[in-house]
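Below are the chains, spelled out letter by letter.
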Amino acid sequence: MSFHPVPPTIRVAPQEVAPDVFVLHSVQEAIGAPLRVYLNSMVIRGAEPVVVDTGTVANRQQWLEDAFGLVDPADVKYVYISHDDIDHTGNLEEVMSLCTNATIIASWALVERHSNAFEFPLHRCRWIDDGGRLDLADRRLSMVRPPFWDSPTTRGLFDHSTGVYWAVDGFATPASPAVERTVDELDPDLWREGMAMFAHNGVSPWLGLVDPAKYAAHIDRIQALGMTTIVGAHTPLITEPSIQAAFDLVRGLPDVPAPPVPGQADLDLIVAASAVPA
């Protein structure tokens, strides 16, 4: 028996969301539910190309083809790693081997935590934390932690030239089997309930413990960036008409009870339904 992850069967082509800014998509089926989950990353082409996160191991071949169909590896200037989860670092070794002129943008915390999985070439690293910025030839990128997160290393990325904000795992929500391209296409109940499920059970179980004033101030700081597009790792695209609604949902999350999660009885049913006949 092989324990290697199964490659996704759903293909969604890269999506240009602003001039020279592309979202790379991978989509997996939710376990035991008729839902689909995006696993996104980005490429900023521009004068000094940036790869934003490196996708998943399961989707490695397609991800590499998608990324380097948009930009020549030799031209990549920076590889930005938002945090140390495997769906964001899955192809980091391959990317850094191919992108011989690239510097990793990370933080001390990320490098310290992830060094047991990847031998960081420290001479090819630059540490920038939340609140820092990177000035490129044609744009400024600011590191701004998203509304909620599952790792102390997490930093979002705001492109001042296009208004695109990389929200990492913030705003996460599943899609239906139709694999909606934007949240405008989602059923409103699925969007609301899906964000609550992801936020409380998959990303930030501490949300119910936050100080309301401090949480509100944090959200204010992010929204004040004035983004026109929000790209998250696990959400359909959030375009300008839906940004206020997205922030309204995020602001209310601490007051939403954590939805129940599947347990052993559900697992037993899933296993029985998927059993191969003798």
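Higher on the page you've got the structure.
Residues numbered from 1 in each chain as written. Predicted model: local features only at pLDDT ≥ 70, side-chain atom pairs only at ≥ 80, totals over all residues. Heavy atoms only, no water.

Considerations on the overall build of the chain
No. 1: Counting secondary structure elements, the chain contains eight helices and 15 strands.
No. 2: Its C-alpha atoms give the chain a radius of gyration of 19 Å, within 12% of the compact-globule value 19 Å for 278 residues.
No. 3: The principal-axis extent of the C-alpha atoms belonging to the chain is close to 55 × 50 × 35 Å.
No. 4: Taking all 278 residues of the chain together, 52% fall into the buried category.
No. 5: For the chain, the share of sequence-separated contacts (at least 6 apart) that also reach a separation of at least 24 residues comes to 62%.
No. 6: A total accessible area of about 12900 Å² is found for the chain, and carbon and sulfur atoms account for 56% of it.
No. 7: In the chain, 18 side chains carry a positive charge and 36 a negative one; their mean positions are 7 Å apart. (Helix = DSSP H or I, 4+ residues; strand = E, 2+ residues; numbered from the N terminus. Rg over C-alpha atoms; globule rule 2.2 N^0.38 Å. Buried < 20%, exposed > 50% of the residue type's maximum accessible area, 1.4 Å probe, protein only. Contact = heavy atoms within 4.5 Å. Areas by Shrake-Rupley, 256 points an atom, 1.4 Å probe, with all protein chains shown as cover. Lys, Arg positive; Asp, Glu negative; His and termini not counted. Charge placed at Lys NZ, Arg CZ, Asp CG, Glu CD.)

Digging into the sheet that holds strand β13 (residues 164–166)
No. 1: What the six strands build is an open sheet, ordered β10-β11-β12-β13-β14-β15; its pairing is mixed. In the strand order of this sheet, the two ends are held by β10 (133–135) and β15 (238–239), each with one partner.
No. 2: Bridge count for strand β14 (residues 229–231) against β15 is two bridges, and the pairing is antiparallel. Counted as the bridge partner of Thr229 is Thr239 from β15. (Pairing = 2+ DSSP bridges.)

As for the pairing of strand β5 (residues 41–44)
No. 1: Side chains of β5 alternate between two faces, with Ser41 and Val43 and Met42 and Ile44 buried alike.
No. 2: As paired elements, strand β2 (residues 21–24) and β5 share four bridges and run antiparallel to each other. Considered in β5, the bridge of Val21 is made with Ile44.

What to know about the nonpolar core
No. 1: Formed by 27 residues in total, the largest nonpolar core has its most connected members in Phe148, Phe171, Met227, Ile230, Phe247 and Leu253.
No. 2: Listing elements by their share of this core, those giving two or more residues are α5 (188–203), α6 (212–223) and α7 (240–252).
No. 3: The dominant element in this core, judged by the number of residues it contributes, is α5, at six residues.
No. 4: Those residues within four positions of Phe247 in sequence are excluded, and the remaining contacts are Phe171, Ile219, Ile222, Gln223, Met227 and Ile230.
No. 5: Residues Leu24, Phe68, Leu70 and Phe118 belong to the second largest nonpolar core, which totals 25 residues. (Core = buried A, V, L, I, M, F, W, Y, C linked by side-chain atoms within 4.5 Å.)

Notes on a nonpolar patch on the surface
No. 1: Nonpolar side chains collect at one region of the surface, where Trp108, Leu122 and Trp127 lie side by side and expose about 390 Å² of accessible area between them.
No. 2: Within the secondary structure layout, Trp127 lies in strand β9 (residues 125–127).
No. 3: Overall, Trp127 belongs to the partly exposed group, its relative accessible area being 47%. (Patch = residues over 30% accessible without salt bridge, like charges linked within 9 Å, V, L, I, M, F, W, Y side chains within 5 Å. Salt bridge = Lys/Arg side-chain N within 4 Å of Asp/Glu carboxyl O.)

What to know about the pairing of β2
No. 1: Neither face of β2 is left uncovered, since the one carrying Val21 and Val23 and the one carrying Phe22 and Leu24 both have all their residues buried.
No. 2: Sheet analysis places strand β1 (residues 15–18) next to β2, joined by three bridges and oriented antiparallel. Its bridge partner being in β2, Gln15 is matched across the sheet by Val23.
No. 3: Here β1 folds back onto β2 in antiparallel fashion, the turn holding two residues, of which Asp20 has a positive phi close to 70°.

Section: the packing of aromatic side chains
No. 1: Applying the stated criterion across every chain, the model contains four aromatic pairs.
No. 2: Ring geometry for Phe118 against Phe120: centres 4.9 Å apart, planes inclined by 85°, an arrangement best described as edge-to-face.
No. 3: Pairing Trp149 with Trp206 gives two aromatic rings, centres 5.1 Å apart and planes at 55°, and the pair type is tilted. With Trp149 in the loop between β11 (140–144) and β12 (156–159) and Trp206 in the loop between α5 and α6, this residue pair connects regions lying 57 residues apart in the sequence.
No. 4: Positioned over the ring face of Trp149 is Arg145, at 5.2 Å from the centre of the ring. (Phe/Tyr/Trp six-rings, centres within 6.5 Å; stacked < 30°, edge-to-face > 60°. Lys NZ or Arg CZ within 6 Å of the ring centre and 35° of its normal.)

Section: the environment of Leu267
No. 1: Relative to the helices and strands, Leu267 resides in helix α8 (residues 264–274).
No. 2: Separated by 189 residues in sequence, Leu267 and Tyr78 have C-alpha atoms that sit 42 Å apart.

Topic: the side chain of Asp87
No. 1: Mapped onto the fold, Asp87 is located in helix α2 (residues 86–89).
No. 2: This buried residue, Asp87, is left without a salt bridge; Arg113 holds the nearest opposite charge, at 11 Å.
No. 3: Separated by 3.5 Å, the side chains of Asp87 and His88 make a polar contact.
No. 4: One polar contact links Asp87 to His234, side chain to side chain, over a distance of 3.1 Å.
No. 5: If sequence neighbours within four positions are ignored, Asp87 has contacts with Leu39, Gly55, Thr56 and His234. (Polar contact = N/O pair within 3.5 Å; in protein donor to acceptor, adjacent residues only side chain to side chain.)

Notes on the layout of surface pockets
No. 1: Each pocket or cavity is described by its volume, and for the largest pocket that value is around 780 Å³.
No. 2: Lining the largest pocket are 27 residues, with Ala30, Ile31, Val37, Met197 and Phe198 sitting closest to its centre.
No. 3: Contributions of two or more residues to the lining of the largest pocket are made by β3 (27–29), α5 and α8.
No. 4: If you tally residues by element for the lining of the largest pocket, the top one is α5, at eight residues.
No. 5: Within the lining of the largest pocket, the residues separate by chemical class into 14 nonpolar, six polar and seven charged.
No. 6: By volume, the second largest pocket amounts to about 580 Å³.
No. 7: Residue lining of the second largest pocket: 21 residues in total, with Pro5, Val6, Pro7, Gln28 and Ala58 positioned closest to the centre.
No. 8: Looking at the lining of the second largest pocket, the elements with two or more residues in it are β3 and α2.
No. 9: Considering every element that reaches the lining of the second largest pocket, the biggest residue donor is β3, with three residues.
No. 10: Among the residues forming the lining of the second largest pocket, the class breakdown is 13 nonpolar, six polar and two charged. (1 Å grid on protein atoms, 1.4 Å probe; cavity = no way out; pocket = protein on both sides within 12 Å on 5 of 7 lines; lining within 4 Å. Points joined across faces, edges and corners; volume = space filled by probe spheres on them. Nonpolar A, V, L, I, M, F, W, Y, C, P; charged D, E, K, R; others polar.)

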